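Okay, here's what each chain looks like letter by letter:
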Amino acid sequence: ATVSVLYCSQTITQKMKTTSALLGVAAMLSGTEAFQFPSGCKSGHRVTQTGSSGTITVNGYDNNDHRCWYVDCNGELSITWNSFNMEAGFDYVALSKVLDSELVVPEVFSLSEMSVPSTNSFAAGTKALVELTSDFSVQGSGFSASWTCSNPCNLVDCPPDKSVCVLVDGAAVCKAIAFPSGCTSTVTYEGASGSVDYPSGSGRYQNEENACFFFSCVGGRSELQWKMFDTESGYDTVSAYPVSSGGAIGSTAVLDAHNGNTLPPNTVVDGENGIFVKLSSDYSVTKDGFELDYTCTMPAKLALGEVCYQFCEDGSCEWIRKSDQCEDDAQCARSSPLPSFNSHLTCQLKAGSVCYQFCEDGSCSFINLREHCVIGTECKSTSTGPSIPSPTNTCQEVLPLGETCYRFCENGSCAPVDLRNNCASGLVCKSDGSIGFNSHLTCQKPTCADLYSTPTDCQRANCPDQTEKQCVWGDFGCECSTN
């Protein structure tokens, strides 16, 4: 269930105006990738806020403005609106939930349907995106909002091998497992393999003992091979349970209350965080315990293009959770920029990874992975000058349509931007046609004049966006024919 609301000072009549401005795309992830802001958010006004509390304050804004704030809260998020003053019906502030790093496109509500509330509260694990968007004229004074994120553990990003957050003297501490409170002793084993002799040496376990063991193996295949087993038959037992990716102990045993002196079968758990083992004894009679060997085998890495995560809310597909199994230079990400009802992610090259390499003299290995760059990047040359092009191309971030690619204010009133070579394929960095004291270029679709500078080249080509029309040479250079 997703909810998103838009606040303004009176009824909004231009509903279509918000659709493209508020569409957001995010990199999915396993919780470590940065949020990808909607493409319309202005450079220099994309702010990520983290921690236990914060404020968002706008004291005045520009015409044609689009500012964005991402509130990264893993706990229970509460946003309070302190003041609000926008141009009625045309300038507005939108609040959207962000679930699993995927921005939900807001639905537009008019004031007659919903008044501006003083506080918005979201469940644990929900993040939020706040957007300010204005039209071409008249501004209000802006707005002010404050937010809080509860529970210190909800602010900690624990690593996969220690994914459980517990409070120790009020501080958040990451642990590999949430051991039951009744354990009389706890031991964690890590690594690819090892052996356990319990109790060690020639001793016996104790009466009324609850010895707990955790064999960590994040995302791999955990296996216990029992070498010796000796407990009081019918009374002292050993049980084993899978441990989930969240560190919780499963309810279904993979070894259920084994006792006596016969060896248990090999105990195996696949694709979880490992195995939890518990030895429980009663008030009398003790034995020698057990000996075992443990192994942790990691699965083979997924190749580029392979499915690493899949979930269909309607149950129409198999649930796949392998987001941590992509190759080292790849990440689990969407193959389409648009969110959908079902999630389908594949392994794609990270930004900065080599996507193409060719050396004519044979001095380097040939690489051709140009189609596997993650969304928001393209395979481009690392060469920056007019000299011999670099034989190596990497996945580089590109700017979408309408994004600022060059900006320079001679009076120093704006931060300079020079990304003229970073427009996405099929776009060029150019002026929108306005002429002013300052230079401001954006990524736009090219015209005939942008692509062809001579009569010969011009007359051989079709118009970029209208392939049924021919480019013609005229008084102002190469133009698209009106016929």
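The shown structure was predicted, so the numbers you read here are calculated from the model rather than taken from an experiment.

Rules used in this analysis
Residues numbered from 1 in each chain as written. Predicted model: local features only at pLDDT ≥ 70, side-chain atom pairs only at ≥ 80, totals over all residues. Heavy atoms only, no water. Helix = DSSP H or I, 4+ residues; strand = E, 2+ residues; numbered from the N terminus. Contact = heavy atoms within 4.5 Å. Areas by Shrake-Rupley, 256 points an atom, 1.4 Å probe, with all protein chains shown as cover. Polar contact = N/O pair within 3.5 Å; in protein donor to acceptor, adjacent residues only side chain to side chain. Pairing = 2+ DSSP bridges. Buried < 20%, exposed > 50% of the residue type's maximum accessible area, 1.4 Å probe, protein only. Salt bridge = Lys/Arg side-chain N within 4 Å of Asp/Glu carboxyl O. Axes fitted to C-alpha atoms, helices over the stretch in contact; angles between N-to-C directions. Phe/Tyr/Trp six-rings, centres within 6.5 Å; stacked < 30°, edge-to-face > 60°. Patch = residues over 30% accessible without salt bridge, like charges linked within 9 Å, V, L, I, M, F, W, Y side chains within 5 Å. Lys, Arg positive; Asp, Glu negative; His and termini not counted. Charge placed at Lys NZ, Arg CZ, Asp CG, Glu CD. pLDDT = per-residue confidence, 0-100.

### Remarks on the overall build of the chain
Part 1 of the reasoning: What the chain contains, in helices and strands, is two helices and 33 strands.
Part 2 of the reasoning: Put simply, of all contacts in the chain between residues at least 6 apart along the chain, 68% involve residues at least 24 apart.
Part 3 of the reasoning: For the chain, the computed accessible surface area is about 25300 Å², with 49% contributed by carbon and sulfur atoms.

### Quick notes on the side chain of Ser239
Part 1 of the reasoning: Its location among the elements puts Ser239 in strand β16 (residues 237-243).
Part 2 of the reasoning: A polar contact of 2.9 Å, which involves the side chain of Ser239, links it to the backbone nitrogen of Ala257.
Part 3 of the reasoning: Setting aside residues no more than four positions away along its own chain, Ser239 makes contact with Leu255, Asp256, Ala257, Phe276, Val277 and Lys278.

### A look at the sheet that holds strand β24 (residues 354-357)
Part 1 of the reasoning: With antiparallel pairing, four strands are arranged side by side in an open sheet as β25-β24-β27-β26. Among the strands making up the open sheet, the edge pair consists of β25 (367-368) and β26 (377-381).
Part 2 of the reasoning: The sheet contact formed by β24 and β25 spans two bridges and is antiparallel. By the bridge assignment for β25, Gln357 is matched with Ile367.

### Notes on the side chain of Thr267
Part 1 of the reasoning: By the secondary structure assignment, Thr267 is in strand β18 (residues 267-280).
Part 2 of the reasoning: Reaching out from Thr267, the side chain makes a polar contact with the side chain of Trp226 at a distance of 3.1 Å.
Part 3 of the reasoning: Leave out the neighbours within four places in its chain, and Thr267 touches Ser222, Glu223, Leu224, Trp226, Ala240, Val254, Leu255 and Ile275.

### Here's the deal with the environment of Thr377
Part 1 of the reasoning: Note on placement: Thr377 falls in strand β26.
Part 2 of the reasoning: Since its relative accessible area comes to 10%, Thr377 is described here as buried.
Part 3 of the reasoning: Measuring from C-alpha to C-alpha, the distance between Thr377 and Thr394 comes to 9.2 Å, with 17 residues separating the pair along the chain.
Part 4 of the reasoning: Residue contacts for Thr377: discarding those within four places in its chain leaves Ala351, Cys395, Gln396, Glu397 and Val398.
Part 5 of the reasoning: Here the side chain of Thr377 touches Val374 through a polar contact of 2.7 Å, landing on its backbone oxygen.

### Digging into unusual backbone geometry
Part 1 of the reasoning: Of the consecutive residues Tyr198 and Pro199, the connecting peptide bond is found in the cis state with omega at -15°.
Part 2 of the reasoning: With respect to the helices and strands, the residue Pro199 is situated in the loop between β14 (193-198) and β15 (210-230).
Part 3 of the reasoning: Notably, Val138 is not glycine yet its phi reads approximately 65°, a positive angle.
Part 4 of the reasoning: Residue placement: Val138 occurs in the loop between β9 (127-133) and β10 (142-149).
Part 5 of the reasoning: Of note, the phi angle at Glu208 is positive, near 50°, even though the residue is not glycine.
Part 6 of the reasoning: Residue position: Glu208 is located in the loop between β14 and β15.

### Considering the pattern of salt bridges
Part 1 of the reasoning: Considering all chains together, one arrives at nine salt bridges under this definition.
Part 2 of the reasoning: A salt bridge links Arg221 to Asp270; its shortest N-O distance comes to 2.9 Å. Taken together, the residues Arg221 in strand β15 and Asp270 in strand β18 connect sequence positions 49 residues apart.
Part 3 of the reasoning: Its relative accessible area of 37% is what places Arg221 among the partly exposed residues.
Part 4 of the reasoning: Of the charged contacts in the structure, one is a salt bridge between Asp293 and Lys227, with a shortest N-O distance of 3.8 Å. Highlighted residues: Asp293 in strand β19 (residues 289-297) and Lys227 in strand β15, separated in sequence by 66 residues.

### A closer look at the sheet that holds strand β3 (residues 53-59)
Part 1 of the reasoning: What the four strands build is an open sheet, ordered β3-β10-β5-β8; its pairing is antiparallel. Strand pairing shows two members of the sheet lacking a second neighbour, β3 and β8 (119-122), which therefore form its edges. Neighbour to neighbour, the strand axes of the sheet diverge by 15° on average, direction disregarded.

### A closer look at the packing of aromatic side chains
Part 1 of the reasoning: Within this structure, the stated rule accounts for 15 aromatic pairs.
Part 2 of the reasoning: Ring geometry for Tyr356 versus Phe366: centroids 5.9 Å apart, planes at 90°, classification edge-to-face. Here Tyr356 is found in strand β24, whereas its partner Phe366 is found in the loop between β24 and β25, with ten residues between them in sequence.
Part 3 of the reasoning: In this structure Phe366 comes out as exposed when scored by relative accessible area, which is 54%.
Part 4 of the reasoning: Aromatic rings pair up to connect Tyr198, Phe213, Trp226, Phe229 and Phe290 into one cluster.

### A word on a negative patch on the surface
Part 1 of the reasoning: The grouping of Glu306, Glu327, Asp328 and Asp329 at the surface amounts to a negative patch.
Part 2 of the reasoning: Relative to the assigned elements, Glu306 resides in the loop between β19 and β20 (307-311).
Part 3 of the reasoning: Its relative accessible area of 36% is what places Glu306 among the partly exposed residues.

### Describing the pairing of β26
Part 1 of the reasoning: Taking burial as the measure, the five residues of β26 include four buried ones, the bulk of the element.
Part 2 of the reasoning: In this structure, β26 lies alongside strand β27 (residues 392-397), joined through five bridges in antiparallel fashion. Bridge pairing in β27 places Thr377 opposite Glu397.

### Concerning the confidence of the model for the chain
Part 1 of the reasoning: Overall, the prediction assigns the chain a mean pLDDT of 79, with 79% of residues at 70 or greater.
Part 2 of the reasoning: Summarising per-element confidence for the chain, the mean pLDDT is lowest in strand β1 (residues 4-7) (39) and highest in strand β17 (residues 255-258) (96).
Part 3 of the reasoning: Contacts of residues 1-33 to residues separated by more than four positions or lying in other chains number 99 contacts, the stretch itself having pLDDT below 50.

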